[in-house]
Amino acid sequence: MKGCFITFEGTEGAGKSTQILAVSKFLQQQGLEVITTREPGGTALSEQIRGLLLDKSQKMSQMTELLLMFAARAEHLSQVILPALQAGKWVLCDRFTESSYAYQGYGRGMPLENIAILEQLVQGDLRPDCTFWFDIPILEGMKRVNRRGEQDRFEVENIAFFESIASGFQALSEQRPSQFYRIDATQSIEKVTAMIEEKLDQLIAMHAVKGIQGL
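Scope of this entry: the structure provided in the associated data block. Here the structure is a predicted model, which means the values were calculated and not measured.

## Examining the side chain of serine 46
(1) Moving on: On the secondary structure map, serine 46 appears in helix 2 (residues 44-54).
(2) Moving on: In this structure the side chain of serine 46 is engaged in a polar contact, spanning 2.8 Å, whose partner is the backbone oxygen of alanine 72.
(3) Moving on: Residues contacting serine 46, with those up to four places away along its chain left out, are Pro40, Gly41, Ala72, Glu75 and His76.

## Looking at unusual backbone geometry
Backbone geometry follows two general trends: most residues other than glycine have a negative phi, and most peptide bonds adopt the trans configuration.
(1) Moving on: Look at the link from glutamate 39 to proline 40: it is a cis peptide, with omega at -15°.
(2) Moving on: Mapped onto the fold, proline 40 is located in the loop between strand 2 (34-38) and helix 2.
(3) Moving on: Even without being glycine, arginine 95 reaches a positive phi, approximately 80°.
(4) Moving on: Of note, arginine 95 is situated in the loop between strand 3 (90-94) and helix 4 (97-107).
(5) Moving on: Taking the relative accessible area as the measure of exposure, arginine 95 reaches 12% and is therefore buried.

Rules used in this analysis
- Residues numbered from 1 in each chain as written.
- Predicted model: local features only at pLDDT ≥ 70, side-chain atom pairs only at ≥ 80, totals over all residues.
- Heavy atoms only, no water.
- Helix = DSSP H or I, 4+ residues; strand = E, 2+ residues; numbered from the N terminus.
- Polar contact = N/O pair within 3.5 Å; in protein donor to acceptor, adjacent residues only side chain to side chain.
- Contact = heavy atoms within 4.5 Å.
- Buried < 20%, exposed > 50% of the residue type's maximum accessible area, 1.4 Å probe, protein only.

Right, dumping it as structure tokens:
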């Protein structure tokens, strides 16, 4: 049976990384095989591309940034995500193509239709089974980022940039209501985890039904 693809999205400092660890533990306790990965990154080559994208000293055009994102994604899909899904594993990915729409599309102003072309070219019909969207006020998220220390090439952007990204995630959630699951990321870690686990119970049940139907 094909695995389940879950992605985690949001603006900076929303708490995605903390919850991915909790989700992995929860799913493993249900007897499921789980891998965790991230974008850009996930393979040796994609991690090198990530280094370029996050390096504050790098100056690049908006198109270069977008194409590097999808180059890293193509390798990630080929080497990690697709093989894991075919093996029946649950894949937890910190960011995916929805971040390209939000950051390069709504944030940088790249035409959304160009991103859609790349999305279809690189991943075909593959879309996440569920996207947890960690929604947090920009200023609150940036306070958390500042507490972490040195910032990367994206984190040093201005508030207007992140407001545009947040509006992008909002628009995507409205366009893809069956995929997106909004999380109020201002809540305590425990409350956020509880919300996610409630949704995961539903996903596990739905996945089991699909498996039975596919027999």
